[in-house]
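# Tertiary structure, described
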Amino acid sequence: MHRERVPACVHPETYKYFLERDAVLATWERLAARYGAPRRDPSFRTMEVVAPRFRVRATLLGNPVTVLRQRACTPADIEELHALLGYRE
Amino acid sequence: MATGDDLEGRLAMQYEPATYRRRIAGHDVIIHCHHYNARLQRTLEGARGIDGKGLIASTAESVFADHLARAGRPEDDEATRLALAELLYARLGFGRIDLGRLAEGVVTASSSHFVEGWLAGLGQSERNVCTFTEGYLQAAVFAVLGAAVTVRETECMARGAACCSFVVERGERGSSPRIAPAPNRKQAGVPVPAERGGPFVRSANVDEQAIIDAVVGIPMVGDAAGLIPAFSVYLANMPADFYNQVCIGFVEAMRGLGREKAAMRLLVSDAEHCGMNTFRGIMHSPEWDGLIAPMVRDRADALIAIIAISNALGWGDWHITAHTPTSLALESRYGYEAVGFREYRGEASTPQCAMLTGVAAGVMELVYGEGTVEDRYGTFASHEESCVSCGAPACIFTVERVE
Ligand SMILES: [Zn+2]
Ligand SMILES: [Zn+2]
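This one's a predicted model, so the numbers in the text were calculated from it and none came from an experiment.

Attention now moves to the coordination of the zinc ion (ligand 2). Note on metal geometry: ideal angles are 109.5 degrees for four donors arranged tetrahedrally and 90 or 180 degrees for six donors arranged octahedrally. Residues and elements named next belong to chain B. Within the protein, the atoms that donate to the zinc ion (ligand 2) are Cys 353 (SG), Glu 384 (OE), Cys 387 (SG) and Cys 395 (SG), at distances of 1.9 to 2.3 Å. Note that the zinc ion (ligand 2) binds four donor atoms; their angles at the metal cover 102 to 114°, and the shape is tetrahedral. Along the chain, the residues donating to the zinc ion (ligand 2) are arranged with the sequence spacing C-x30-E-x2-C-x7-C. With Cys 353 in the loop between helix H12 (336-345) and helix H13 (354-368) and Glu 384 in strand S12 (residues 380-386), this residue pair connects regions lying 31 residues apart in the sequence. For the pair formed by Cys 353 and Glu 384, the shared burial category is buried.

Attention now moves to the domain arrangement of chain B. All names here are of chain B. Partitioning chain B into structural domains gives domain 1 (4-177) and domain 2 (208-224 + 239-401). Domain 1 and domain 2 are separated by 24 Å when their C-alpha centres are compared. The partner domain 2 presents 42 residues to the 38 residues of domain 1 that form the contact. When domain 1 packs against domain 2, the two sides together hide about 3500 Å² of surface, and 65% of this comes from carbon and sulfur. Where domain 1 meets domain 2, there are zero salt bridges. Counting every contact that joins domain 1 to domain 2 gives 11 residue pairs in polar contact (both at pLDDT 80 or more). Elements with a contribution of two residues or more to the side of domain 1 that touches domain 2: strand S1 (13-16), strand S2 (21-24), strand S3 (27-33), helix H2 (34-46), helix H3 (52-71) and helix H4 (78-92). Looking at the side of domain 1 that touches domain 2, the element that brings in the most residues is H3, giving eight residues. Here the side of domain 1 that touches domain 2 is built from residues that sort into 20 nonpolar, 11 polar and seven charged.

So, about the coordination of the zinc ion (ligand 1). Residue and element names in this part refer to chain B. In the first shell of the zinc ion (ligand 1), the protein supplies Cys 130 (SG), Glu 153 (OE), Cys 156 (SG) and Cys 164 (SG), at 2.0 to 2.3 Å from the metal. Of note is the zinc ion (ligand 1), whose four donor atoms meet at the metal with angles of 98 to 119° in an arrangement that counts as tetrahedral. Positions of the donor residues of the zinc ion (ligand 1) along the chain correspond to the pattern C-x22-E-x2-C-x7-C.

Taken together, the side chains of B:Arg48, B:Arg259, B:Lys261 and B:Arg265 make up a positively charged region of the molecular surface. Take B:Arg48: its relative accessible area is 72%, and that puts it in the exposed class.

Another point: the sheet that holds S12(B). Within a sheet, neighbouring strands are paired by backbone hydrogen bonds and run either parallel or antiparallel to one another. Residues and elements named next belong to chain B. Within the open sheet, the four strands sit side by side as S10-S11-S13-S12. Their pairing is antiparallel. Only two strands of the sheet have a single partner each, and these edge strands are strand S10 (318-324) and S12. Each strand axis lies, on average, 20° off the axis of its neighbour in the sheet, ignoring direction. Sheet topology places strand S11 (residues 327-332) next to strand S13 (residues 395-401); six bridges connect them, and they run antiparallel. The partner of Ala 329 across the bridge, within S13, is Thr 398.

Here the focus is H4(B). Residues and elements named next belong to chain B. Compared with an ideal rise of 1.5 Å per residue, which puts 15 residues at 21 Å, H4 spans 21 Å between its outermost C-alpha atoms and is within 8% of the ideal. Burial analysis of H4 places 11 of its 15 residues in the buried class, the great majority of the element. Within H4 the residues assigned to the buried category are Thr 80, Leu 82, Ala 83, Leu 84, Ala 85, Leu 87, Leu 88, Tyr 89, Ala 90, Arg 91 and Leu 92.

In this assembly, 26 residues from chain B lie in contact with 18 residues from chain A. Buried surface at the junction of chain B and chain A, summed over both partners, amounts to about 2000 Å²; 60% is from carbon and sulfur atoms. For chain B, the biggest contributors to the area lost against chain A are B:Ser232, B:His284 and B:Pro286; these three give 26% of the whole. For the pair chain B and chain A, the number of links is four salt bridges. A salt bridge links B:Asp289 to A:Lys16; the nearest nitrogen and oxygen atoms lie 2.9 Å apart. On inspection of chain B and its partner chain A, the count reaches 10 residue pairs in polar contact (both at pLDDT 80 or more). Of all the elements in the fold, those that place two or more residues in the side of chain B that touches chain A are H2, helix H5 (113-121), helix H7 (208-217), strand S8 (228-230), strand S9 (233-239), helix H9 (260-283) and helix H10 (286-292) of chain B. Residues of the side of chain B that touches chain A, tallied by class, amount to 14 nonpolar, seven polar and five charged.

Attention now moves to the sheet that holds strand S7 (residues 164-170) of chain B. All names here are of chain B. Sheet architecture is open: four strands sit in the order S4-S5-S7-S6, paired in antiparallel fashion. Whereas interior strands pair on both sides, the edge strands pair on one side only; in this sheet they are strand S4 (95-98) and strand S6 (149-155). Strand-to-strand twist in this sheet, taken as the mean axis angle between neighbours without regard to direction, amounts to 25°. For S4 and strand S5 (residues 106-112), the ladder comprises four bridges, and the chain directions are antiparallel. Bridging from a neighbouring strand, Asp 98 pairs with Thr 108 of S5. Against the sheet, helix H6 (residues 131-145) makes contact with S4, S5, S6 and S7, and its axis sits at roughly 135° relative to S6, the strand it touches most.

Residues and elements named next belong to chain B. Among the secondary structure elements, Arg 333 is positioned in the loop between S11 and H12. Polar contacts involving the side chain of Arg 333 include one to the main-chain carbonyl oxygen of Glu 195, which spans 3.0 Å. When near neighbours in sequence (up to four residues on either side) are disregarded, Arg 333 contacts Pro 193, Glu 195, Arg 196, Gly 197, Gly 316, Asp 317, Val 388, Pro 393 and Ala 394.

All names here are of chain B. Between H4 and H6, the shortest axis-to-axis distance is 9 Å and the interhelical angle comes to 160°. Between H4 and H6, the interaxial angle falls into the category roughly antiparallel. Where H4 crosses over H6, the handedness of that crossing is right-handed. Two secondary-structure elements touch here, H4 through Glu 78, Arg 81, Leu 82, Ala 85, Leu 88 and Tyr 89 and H6 through Phe 132, Thr 133, Tyr 136, Ala 140, Ala 143, Val 144 and Leu 145. Considering only residue class, the contact of H4 with H6 consists of 10 nonpolar, one polar and two charged.

Here we take up empty space enclosed by the protein. Residue and element names in this part refer to chain B. Following the criterion strictly, the structure yields two cavities of 30 Å³ or more and no others. Empty space within the largest cavity amounts to approximately 100 Å³. Surrounding the largest cavity, Asn 37, Leu 40, Gln 41, Leu 44, Ile 56, Phe 114, Phe 132, Met 238, Phe 242, Tyr 243 and Val 246 form its lining. For the lining of the largest cavity, the secondary-structure elements that each account for two or more residues are H2 and helix H8 (240-255). With four residues, H2 is the largest single contributor of residues to the lining of the largest cavity.

Parameters and conventions
- Residues numbered from 1 in each chain as written.
- Chains lettered and ligands numbered in written order.
- Predicted model: local features only at pLDDT ≥ 70, side-chain atom pairs only at ≥ 80, totals over all residues.
- Heavy atoms only, no water.
- Donors = N, O, S within 2.8 Å, 3.2 Å for Na, K, Ca; no water.
- Tetrahedral: all angles 85-135°; square planar, octahedral: opposite > 155°, others 65-115°.
- Helix = DSSP H or I, 4+ residues; strand = E, 2+ residues; numbered from the N terminus.
- Buried < 20%, exposed > 50% of the residue type's maximum accessible area, 1.4 Å probe, protein only.
- Domains from an automatic or database assignment.
- Contact = heavy atoms within 4.5 Å.
- Buried area = accessible area lost by both parts, 1.4 Å probe.
- Salt bridge = Lys/Arg side-chain N within 4 Å of Asp/Glu carboxyl O.
- Polar contact = N/O pair within 3.5 Å; in protein donor to acceptor, adjacent residues only side chain to side chain.
- Nonpolar A, V, L, I, M, F, W, Y, C, P; charged D, E, K, R; others polar.
- Patch = residues over 30% accessible without salt bridge, like charges linked within 9 Å, V, L, I, M, F, W, Y side chains within 5 Å.
- Areas by Shrake-Rupley, 256 points an atom, 1.4 Å probe, with all protein chains shown as cover.
- Lys, Arg positive; Asp, Glu negative; His and termini not counted.
- Charge placed at Lys NZ, Arg CZ, Asp CG, Glu CD.
- Pairing = 2+ DSSP bridges.
- Axes fitted to C-alpha atoms, helices over the stretch in contact; angles between N-to-C directions.
- Expected span 1.5 Å × (residues − 1).
- Parallel < 35°, antiparallel > 145°, perpendicular 65-115°, else oblique.
- Left-handed = near helix turned anticlockwise from the far one by under 90°.
- 1 Å grid on protein atoms, 1.4 Å probe; cavity = no way out; pocket = protein on both sides within 12 Å on 5 of 7 lines; lining within 4 Å.
- Points joined across faces, edges and corners; volume = space filled by probe spheres on them.

This is the structure we're talking about:
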């Protein structure tokens, strides 16, 4: 998997993570187990899980996932999320 | 004390499909993002020889004194008025203010659209950035206690503080005693146009109404932090009266220095950057990927989709009348700038719609340009040919690539 920086967002460190195709379902199950069930928006065909200091948002296909950090988001928050997504820098 | 449901009901949004206007407690609100709000603030506060900070604070005070009065009820007790002031601020997307220590003359804010906007859009700040909030709090204190006060931010998260802190100073501001915020005085504006205009350029691929319905269907209200992270940017519902009064006030103050044209150029430039940045953020967002990207086959489709979104945000009731990769023409029959100018100043002698003029160039630079935002900036020139504020039936914008 890889990630790409997304410009002009809520936080300068905003990335889209491109999951491996066969890992998408399991990744969202892990996200839901850790941060709560995804909220779905049927009109935009998007879903998201809301963690205390960031949000993980994607289309209903679940891939790629955009991580929108709040300003208070810590390196530890991101480290944990990366472990959960299976992303290594 | 009124219940939370009652207060939320008073602040429910009403949408008017004929003009795309959104109304909350008697005020038309326009949705802009942190890029535009931060840049506009920087322009006003950075202009030499005028008091841009004072203009922002006094306008916010005047507009929100009116807004809170309209949302209030004669039977509201003090606790209700206090809760209403906190709730309106949060629901509009400006952040969280805590009025619990108002009696001590202290207000704190744990989140702020303006701090987020400044840091994300413009980088670190040397000074406190919550000027708008100072004005809002002056209005809130007036709504709650009936006293005209001066509010000053003493610490700001934009400079690393844990929360923004404000002190409430009673008594006089400057030399003249103030009894109440300046009234938000307007005259009859422009009637809602009976005809839609056109003909407009459409695309068989892009379902503009589906886009508008989806955007209007999102509850654009602040989250637990009073912020609205949507389309990967922070949005806020700003009363049109605020934008119109600060922009008119800015241009008039600059006119006094012989710099009226420079003022309009600055306002257009902010909007041009906004057009590029806001929609660049939006075009990379999951919302775009989910609903809009499947409709977009070419760049013209992207442009039509962008204009549809901007209509749903309340910017202008504007539509494309002609379009090539190097040129664009748009018609707006009920833009908030033109309508607002008529309400505040009557008929204008020159076109007044700086925001739409700049955005028209910015979206062309985004869709057809290459490179960074700065590479693209200025590669299209936009001109407002005629304006509703001058008595014309529509504002007409033409954009051409700069050769
Ligand atoms: Zn602040
Ligand atoms: Zn106009």
